[in-house]
Amino acid sequence: MNTTIALENPPSPPSPRFTLELEFVLALSSPQYLQHLGVNFPHLLNPSASSTSNNIATNRASSTIDDNSPHACFVRYLKYLWDYWKTPEYSQFLTHPAAVLRNLELLQNEQFRRDLTRPDLAAALGEGFGLPQEEKDKPTQESTVLNPEPAMVNGVI
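A brief report on the enclosed structure follows. No experiment lies behind these values; they were computed from the predicted model shown.

1. A short note on the overall build of the protein
So, point 1. Tallying secondary structure elements over the protein gives 10 helices and zero strands in all.
So, point 2. Each helix and strand of the protein, placed in order from N terminus to C terminus, yields the pattern α-α-α-α-α-α-α-α-α-α.
So, point 3. Taken across its 157 residues, the protein has 35% of its residues classed as buried.
So, point 4. When contacts within the protein are restricted to residue pairs at least 6 apart in sequence, those whose partners lie at least 24 apart make up 63%.

2. Some words on helix 2 (residues 16-27)
So, point 1. Between the first and last C-alpha of helix 2 there are 17 Å, a value that for 12 residues agrees with the 16 Å anticipated at 1.5 Å per step.
So, point 2. Here helix 2 has its buried residues at Phe18, Glu21, Leu22, Phe24 and Val25. The buried residues of helix 2 occupy one face: seen down the axis, they fall within an arc of 165°. When the buried face of helix 2 is taken as reference, the exposed residues oriented beyond 90 degrees from it are Pro16 and Leu20.
So, point 3. Each element contacted by the buried residues of helix 2 is listed here: helix 3 (31-40), helix 5 (70-85), helix 6 (88-91) and helix 7 (97-106).

3. Some points on the packing of aromatic side chains
So, point 1. All chains considered together, the criterion is met by 11 aromatic pairs.
So, point 2. Note on Phe18 and Trp85: the rings are 5.5 Å apart at their centroids and 35° apart in plane angle, and the pair reads as tilted. Of this pair, Phe18 sits in helix 2 while Trp85 sits in helix 5, and the two are 67 residues apart along the sequence. With respect to class, Phe18 is no different from Trp85; both count as buried.
So, point 3. Taken together, a centroid distance of 4.8 Å and an interplanar angle of 75° make the contact between Tyr84 and Tyr90 edge-to-face. For the pair Tyr84 and Tyr90, one class covers both residues: buried.
So, point 4. The rings of Phe18, Phe24, Tyr33, Phe74, Tyr77, Tyr80, Tyr84, Trp85, Tyr90 and Phe93 are connected pair by pair, giving a single aromatic cluster.

4. As for the packing of helix 3 against helix 9 (residues 119-127)
So, point 1. Where helix 3 meets helix 9, the axes come as close as 8 Å, and the angle between the chain directions of the two elements is 155°. Here helix 3 is positioned roughly antiparallel relative to helix 9, judged by the angle of their axes. The hand of the helix 3/helix 9 crossing is right-handed. Residues Pro31, Gln32, Leu34 and Gln35 of helix 3 touch helix 9, and the partners they reach there are Pro119, Ala122, Leu125 and Gly126.
So, point 2. Grouping the constituent residues of the contact of helix 3 with helix 9 by class yields five nonpolar, three polar and no charged.

5. Overview of the nonpolar core
So, point 1. The biggest cluster of nonpolar side chains holds 26 residues, and the ones touching the most others in it are Val25, Leu28, Leu81, Trp85 and Leu104.
So, point 2. For this core, the secondary-structure elements that each account for two or more residues are helix 2, helix 3, helix 4 (42-45), helix 5, helix 7 and helix 9.
So, point 3. If one sorts the elements of this core by residue count, helix 5 sits on top with seven residues.
So, point 4. Apart from residues lying up to four places away in sequence, Leu28 is in contact with Tyr33, Leu34, Leu37, Leu78, Asn103, Leu104 and Leu107.

6. Re the packing of helix 2 against helix 5
So, point 1. Their axes nearest at 12 Å, the elements helix 2 and helix 5 cross at an angle of 100°. On the basis of their axis angle, the class for helix 2 and helix 5 is roughly perpendicular. Of the residues in helix 5, those touching helix 2 at Arg17, Phe18, Glu21, Leu22, Phe24 and Val25 are Phe74, Tyr77, Tyr80, Leu81, Tyr84 and Trp85.
So, point 2. Of the residues in the contact of helix 2 with helix 5, the class split is 10 nonpolar, no polar and two charged.

Definitions and limits used
Residues numbered from 1 in each chain as written. Predicted model: local features only at pLDDT ≥ 70, side-chain atom pairs only at ≥ 80, totals over all residues. Heavy atoms only, no water. Helix = DSSP H or I, 4+ residues; strand = E, 2+ residues; numbered from the N terminus. Buried < 20%, exposed > 50% of the residue type's maximum accessible area, 1.4 Å probe, protein only. Contact = heavy atoms within 4.5 Å. Expected span 1.5 Å × (residues − 1). Arc of directions from axis to C-beta. Phe/Tyr/Trp six-rings, centres within 6.5 Å; stacked < 30°, edge-to-face > 60°. Axes fitted to C-alpha atoms, helices over the stretch in contact; angles between N-to-C directions. Parallel < 35°, antiparallel > 145°, perpendicular 65-115°, else oblique. Left-handed = near helix turned anticlockwise from the far one by under 90°. Nonpolar A, V, L, I, M, F, W, Y, C, P; charged D, E, K, R; others polar. Core = buried A, V, L, I, M, F, W, Y, C linked by side-chain atoms within 4.5 Å.

In structure tokens form, the structure reads like this:
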């Protein structure tokens, strides 16, 4: 199956594919889920954890198109998700857009993907927004906040 054809166009909102991808990106907002991926599926996040001989580009930040290792396919999928979920057309469907978009952006970084096995990373991500836990759990309407620092809006922090 050629994954590049399937990943060229984002799904339309009422489609089953849209629903599945929305559920997946919402799960990515959880630091504990990210750590679960790092611990249980290191071959997807870390090229050195992959045992396939197809993974030639282990030291490069981006994989080549002909690299069909599980790691390279997953990295391309994360890039595809980042490219369209950050747009207002799709981010409006996110219940926790700041956390989802921040984590999708972080997942574009190879070093971050490697670090997902560190136990302190989930705690650091949870504290990254500098908000009390009840505020972190509350859905927000802001759809493009990627900076974990408190943002100044209309002169108010």
